[in-house]
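Take a look at the letters that make up each chain.
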Amino acid sequence: MNDQAWIEAALTAARPRAVAALMRYFRDLDLAEEAFQDACLKALQSWPSKGPPRDPASWLIFVGRNAGVDGLRRRSRQTELPDEDRLSDLDDVETPAAERLDAADYRDDVLRLLFTCCHPDLPATQQVALALRIVSGVPTARIARAFLVSEAAMEQRITRAKARIAQAGLPFETPSAVDRIERLGPVAAMIYLVFNEGYTAPPQQGERAGFAEEAIRLGRLLLRLFPGEPEIMGLVALMLLQHARGPARFDAQGAVILLEHQDRSLWDRKLIQEGLALLDKALRHVRPGPYQAQAAIAALHARARSFDETDWNGIERLYASLEVMEPSPVVTLNRAVAVMKTRGPEAALEMIGPLADKLDGYFYLHGLTGALLKQLGRHDEARTAFDRAIALANTPAEAAHIRDQIDSLAAGQQAAPAT
Amino acid sequence: MLYAVLCYDREDVVGAWTPEEDAAVMERLFTVQEKLAADGRIGPVARLLPTTAATTIRKGKEALVLDGPFAETKEQLLGFYLIECENLEAAVETAKDLARASGSAGSYELRPVDFFKDWGALPDATA
């Protein structure tokens, strides 16, 4: 690995901690980002000749802080006297960097930075954009391409989101133990949103596919700061187990390959092993939660050597417990898929019957209804459901899949009339 | 003398490598290992999963099970080699070969091995 690659990896890795510490210091997100940028430029100048520092993050914080203070002084000379309140602990500017580097110090800073990005006033897509931009340092242009908007539009969105956060006031007091736990929930949800932006995108959309890896990095970062939280272990395990299937989930044209038809030899064993190890650790705590349940479901799929060998009873039980923890028609729908395997299409159809109203506009409900009716030989009703599904398909690949179902319906009808 | 070469590095930095960079590093390290194997000087080699997957057991009257690695340090133990070297100087040279191949920061700790028995019971494995 050359210097350039190592420096880039070090800057990427240091970014969340460095920006988070600078944000606490300057009490301002923009100033913190500017200071970090300055520090990165200085690192690019000095590291290749002097060699990398032992702790890149603390080097960047120290240099960034000085650069930021200089910048503030310059600006204040042009406008007004510096406002002492703008800076916190100004007197420790000269404190040797080495003194303030414990993981424990970073914990509240990084959590604050992550928590800032998932302010409840911000819509989900803005939370994702903000986290990718500020915490991961993904260039605005790349985020814009991923969300299919112009760079200027994305820039404006991020600026607006930051203004909203600034208005709301950042929580700079040291959080209590209860605050910390309360903040973990929304932060975990935001990381999972970032993951899903990447997970749903075919590899051809390279911009977004990388977001899944960003989310896993953020998850690991959070887990290093909170090593004993089973739900965070569950979240990271869930992301690893889902991401492991990545290489098998799309065909060369970018069309979705269903779990049933995936080539399991393409699944990433390394990610699966890490996911299973984390889930194992989480379950020892006997403090179940939705991420652990979802990770456990993903683990049963990962462990099955073939689709037919899947432990559908286990999956149904897990969905049933997820239904209790987080009741949602979508969870019930997923449970029905497992029920179809364990107790047959009739039982599954009965289970999704009550969902018709809530999920009427949902592609998967009609797709599954059609498949169940088809299995029961109720072909005319199946066709109606499939037609409805096609109308609701989110992608051409989904529509194509349903069209295949309809074709096989027609073929099946000719070959063997329903009895 | 048999040496354990303990590989320490910042796992957040290593975790920020692209999959291509990671694969290239492993490939170059493998070349060094092949040379040592040809000389009959290398034993087991292991790369460890991230410390987030680690569990620590504190010994005591009642053993205590803790999540995470043994120590919160800036650099983490990411893997190890067992190599046979005539003396420390030779071990240092080998570690330098590995360092050049990896091209990353971090460090290798050389620990002379006190007791070693290879049961030969485990097949090669990736994670």
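Owing to the predicted nature of the structure, the values given are computational and were not obtained by experimental measurement.

A.B. asks: Explain the packing of helix H9 (residues 206–225) of chain A against helix H10 (residues 230–244) of chain A to me, please; I cannot follow it from the model alone.
C.D. replies: Residues and elements named next belong to chain A. Their axes nearest at 9 Å, the elements H9 and H10 cross at an angle of 155°. The angle between the axes of H9 and H10 places the two elements in the roughly antiparallel class. Note on packing geometry: the crossing formed by H9 with H10 is left-handed. For the pair H9 and H10, contact is made by Ala212, Glu213, Ala215, Ile216, Gly219, Arg220, Leu222 and Leu223 and by Ile232, Met233, Val236, Met239, Leu240 and His243, respectively. Taken together, the residues that form the contact of H9 with H10 break down as 10 nonpolar, two polar and two charged.

A.B. asks: Where do I start with the interface of chain B and chain A in this structure?
C.D. replies: Where the parts come together, the accessible area they lose is often given as the size of the interface. Opposite the 30 residues of chain B that make contact, chain A presents 31 residues. In total, chain B and chain A occlude about 2500 Å² of area from one another, counting both sides; carbon and sulfur atoms represent 59% of this. The salt bridge partner of Arg17 of chain A is Asp12 of chain B, with a shortest N-O separation of 3.1 Å. For the side of chain B that touches chain A, the secondary structure elements donating two or more residues are helix H1 (11–14), helix H2 (19–38) and strand E4 (64–67) of chain B.

A.B. asks: What is the right way to look at the pattern of salt bridges in this model?
C.D. replies: Between side chains of opposite charge, a pair can form when the charged atoms approach closely. Evaluation of the coordinates by the stated rule reveals 23 salt bridges over all chains. Across the pair Arg24 of chain A and Asp109 of chain A runs a salt bridge, and its minimum N-O distance is 2.8 Å. One end of the pair, Arg24 of chain A, is in helix H1 (residues 3–26); the other, Asp109 of chain A, is in helix H4 (residues 103–117), with 85 residues separating them in the sequence. You'll find Arg24 of chain A and Asp109 of chain A in the same group, each marked buried. In this structure, Asp22 of chain B and Arg47 of chain B form a salt bridge, with 2.9 Å as the shortest nitrogen-oxygen distance. Pair noted here: Asp22 of chain B is in helix H2 and Arg47 of chain B is in strand E2 (residues 42–47), with a separation of 25 residues, a long-range link. Residue Arg47 of chain B is classed as partly exposed on the basis of its relative accessible area of 36%.

A.B. asks: I would appreciate a short explanation of the nonpolar core in the present structure.
C.D. replies: Across soluble globular proteins, you tend to see nonpolar side chains buried next to one another. All names here are of chain A. Ranked by size, the top nonpolar core spans 129 residues in total, and within it Leu60 and Leu222 carry the most contacts. Sort the elements by how many residues they give to this core and H1 lands first, with 15 residues. Counting residues domain by domain, this core receives three or more from each of domain 1 (1–101) and domain 2 (106–227).

A.B. asks: I would appreciate a short explanation of a positive patch on the surface in the present structure.
C.D. replies: All names here are of chain A. A surface patch of like charges, here positive, comprises Lys42, Arg73, Arg74 and Arg77. Per-element accounting of the positive patch gives the leading share, three residues, to helix H3 (residues 56–78). Mapped onto the secondary structure, Arg77 falls in helix H3. Note on Arg77: relative accessible area 67%, which makes it exposed.

A.B. asks: Just to check I follow, could you spell out the packing of H1 of chain A against helix H2 (residues 29–50) of chain A for this structure?
C.D. replies: In a packed pair of helices, the relevant descriptors are the angle between the two axes and the axis-to-axis distance. Residue and element names in this part refer to chain A. Across the interface, H1 lies against H2 with an axial gap of 9 Å and an inter-helix angle of 150°. By the angle class used here, H1 and H2 are roughly antiparallel. Relative to H2, the crossing made by H1 is right-handed. Contacts between H1 and H2 involve Asp3, Gln4, Trp6, Ile7, Ala10, Leu11, Arg15, Ala18, Val19, Leu22, Met23 and Phe26 from the former and Leu29, Leu31, Ala32, Glu33, Ala35, Phe36, Gln37, Cys40, Ala43, Leu44, Trp47 and Pro48 from the latter. Residues of the contact of H1 with H2, tallied by class, amount to 19 nonpolar, two polar and three charged.

A.B. asks: Any chance you could explain the UniProt feature "domain: YCII-related" (unreviewed entry) in chain B here in plain terms?
C.D. replies: The feature "domain: YCII-related" (unreviewed entry), as given by UniProt, occupies residues 1–113 of chain B in the numbering adopted here. The span residues 1–113 of chain B is 35% helix and 33% strand, and its two end C-alpha atoms sit 8 Å from each other.

A.B. asks: Would you mind going over the domain arrangement of chain A with me for this structure?
C.D. replies: Residue and element names in this part refer to chain A. Parsing chain A into structural domains produces domain 1 (1–101), domain 2 (106–227) and domain 3 (360–419). The interface is formed by 19 residues belonging to domain 1 together with 16 residues belonging to domain 2. Interface area for domain 1 against domain 2, summed over the two sides, is near 1600 Å², with a carbon-plus-sulfur share of 66%. The tally of links between domain 1 and domain 2 comes to three salt bridges. The interface formed by domain 1 and domain 2 includes five residue pairs in polar contact (both at pLDDT 80 or more). Here the element with the most residues in the side of domain 1 that touches domain 2 is H1; it accounts for 10 residues.

A.B. asks: What's the story with the packing of aromatic side chains in this structure? I'm lost.
C.D. replies: Pairs of aromatic rings are described using the distance from one ring centre to the other and the angle between the two planes. All names here are of chain A. The full count for this structure, using the stated rule, is nine aromatic pairs over all chains. An angle of 55° between the planes, with centres 6.4 Å apart, marks the rings of Trp6 and Trp47 as tilted. Highlighted residues: Trp6 in helix H1 and Trp47 in helix H2, separated in sequence by 41 residues. Classification of Trp6 by relative accessible area gives buried; the value is 6%. Put simply, the rings of Tyr192, Phe195, Tyr199 and Tyr291 touch in pairs and so form one group of aromatic residues. One Lys or Arg, Arg65, reaches over the ring of Tyr25 and ends 5.1 Å from the middle of that ring.

A.B. asks: Before we go on, may I ask you to explain the side chain of Thr332 of chain A in this structure?
C.D. replies: In this fold, Thr332 of chain A is placed in helix H14 (residues 329–343). If we ignore the near neighbours within four places in the chain, the residues touching Thr332 of chain A are Glu323, Met351 and Leu355 of chain A.

A.B. asks: What am I meant to see in the sheet that holds E2 of chain B here?
C.D. replies: All names here are of chain B. The strand order across the open sheet built from four strands is E2-E5-E1-E6, with neighbouring strands paired in antiparallel fashion. Only two strands of the sheet have a single neighbouring strand rather than two, namely E2 and strand E6 (107–112). Put simply, the sheet's adjacent strands are angled 20° from each other on average, direction ignored. Judged from the eight bridges that link them, strand E1 (residues 2–9) and strand E5 (residues 76–84) form a sheet pairing that is antiparallel. Bridging across to E5, Val5 finds its partner in Tyr81. Here helix H3 (residues 88–102) sits on the sheet in contact with E1, E5 and E6, set at roughly 155° to E6.

A.B. asks: Looking at this structure, how should I read the UniProt feature "domain: RNA polymerase sigma-70 region" (unreviewed entry) in chain A?
C.D. replies: With numbering aligned to this structure, UniProt lists the feature "domain: RNA polymerase sigma-70 region" (unreviewed entry) at residues 15–77 of chain A. Secondary structure across residues 15–77 of chain A comprises 89% helix and 0% strand; the distance between its end C-alpha atoms is 30 Å.

A.B. asks: Can you walk me through the confidence of the model for chain B in this structure?
C.D. replies: Detailed reading of the predicted model is not advised wherever pLDDT is low. Chain-level statistics for chain B give a pLDDT mean of 90 and a share of 99% at 70 or above. Scored as a complex, the prediction yields pTM 0.87 and ipTM 0.85.

Reading the values: rules and limits
- Residue positions within a chain follow its written sequence, with the count starting from 1.
- For this description, chains carry letters from A and ligands carry numbers from 1, given in the order in which they are written.
- Under the rules for a predicted model, residues below a pLDDT of 70 receive no local features and side-chain atom pairs below 80 are neither given nor counted, while totals for whole chains, interfaces and linings still include all residues.
- Each side-chain value is derived from all of the structure's non-hydrogen atoms; neither hydrogens nor water enter the calculation.
- Convention adopted: a line fitted to C-alpha atoms gives each axis, helices being fitted over their contacting stretch, and angles between N-to-C directions are expressed from 0 to 180 degrees.
- The way it works is that DSSP assigns letters per residue, a run of H or I at least four long becomes a helix, a run of E at least two long becomes a strand, and they are numbered from the N terminus.
- Angles are sorted into four bins: roughly parallel if under 35 degrees, roughly antiparallel if over 145, roughly perpendicular if 65 to 115, and oblique for all others.
- Helix crossings get a hand from a simple test, with the near helix turned counterclockwise from the far one by less than a right angle marking a left-handed crossing and a clockwise turn marking a right-handed one.
- Note on definitions: a residue-residue contact is assigned when non-hydrogen atoms from the two residues lie within 4.5 Å.
- Residue type decides the class: Asp, Glu, Lys and Arg count as charged, Ala, Val, Leu, Ile, Met, Phe, Trp, Tyr, Cys and Pro as nonpolar, and the leftover types, Gly among them, as polar.
- When two parts are brought into contact, each loses some accessible area as probed by a 1.4 Å sphere; the total of that loss over both is the buried area.
- A pair is scored as a salt bridge if a Lys or Arg side-chain nitrogen falls within 4 Å of a carboxyl oxygen belonging to Asp or Glu.
- Relative accessibility under 20% of the residue-type maximum defines a buried residue, over 50% an exposed one, and the middle range a partly exposed one, all with a 1.4 Å probe and only protein chains included.
- We call a set of buried residues a nonpolar core when its members are Ala, Val, Leu, Ile, Met, Phe, Trp, Tyr or Cys and they connect through side-chain atoms within 4.5 Å of each other.
- An automatic or database domain assignment is the source of the domain bounds shown.
- Think of a patch as exposed residues, more than 30% relative accessible area, with no salt bridge, where like charges cluster within 9 Å and nonpolar side chains (Val, Leu, Ile, Met, Phe, Trp, Tyr) cluster within 5 Å.
- For the area figures, the Shrake-Rupley method with a 1.4 Å probe applies, and any residue is considered shielded solely by the protein chains shown.
- None of His or the chain ends enter the tally, which takes Lys and Arg as positive and Asp and Glu as negative.
- For the purpose of locating charges, the reference atoms are NZ of Lys, CZ of Arg, CG of Asp and CD of Glu.
- UniProt positions are given in the numbering used here, feature names are shortened, and annotations may be inferred rather than shown by experiment.
- In protein, a polar contact means a hydrogen-donor-capable atom and an acceptor-capable atom, both N or O and within 3.5 Å, with residues adjacent in sequence counting only if both atoms are side-chain atoms; elsewhere, any N or O pair within 3.5 Å suffices.
- Centre distance within 6.5 Å is the pairing criterion for rings of Phe, Tyr and Trp, where only the six-membered ring of Trp is used; planes under 30 degrees apart are then read as stacked, over 60 as edge-to-face, and the remainder as tilted.
- Two conditions define a charge sitting above a ring: the NZ of Lys or the CZ of Arg must be within 6 Å of the ring centre, and it must be within 35 degrees of the ring normal.
- Any two strands are treated as partners once DSSP identifies two or more bridges connecting them.
- You can read pLDDT as the predictor saying how much it trusts each residue, on a scale of 0 to 100.

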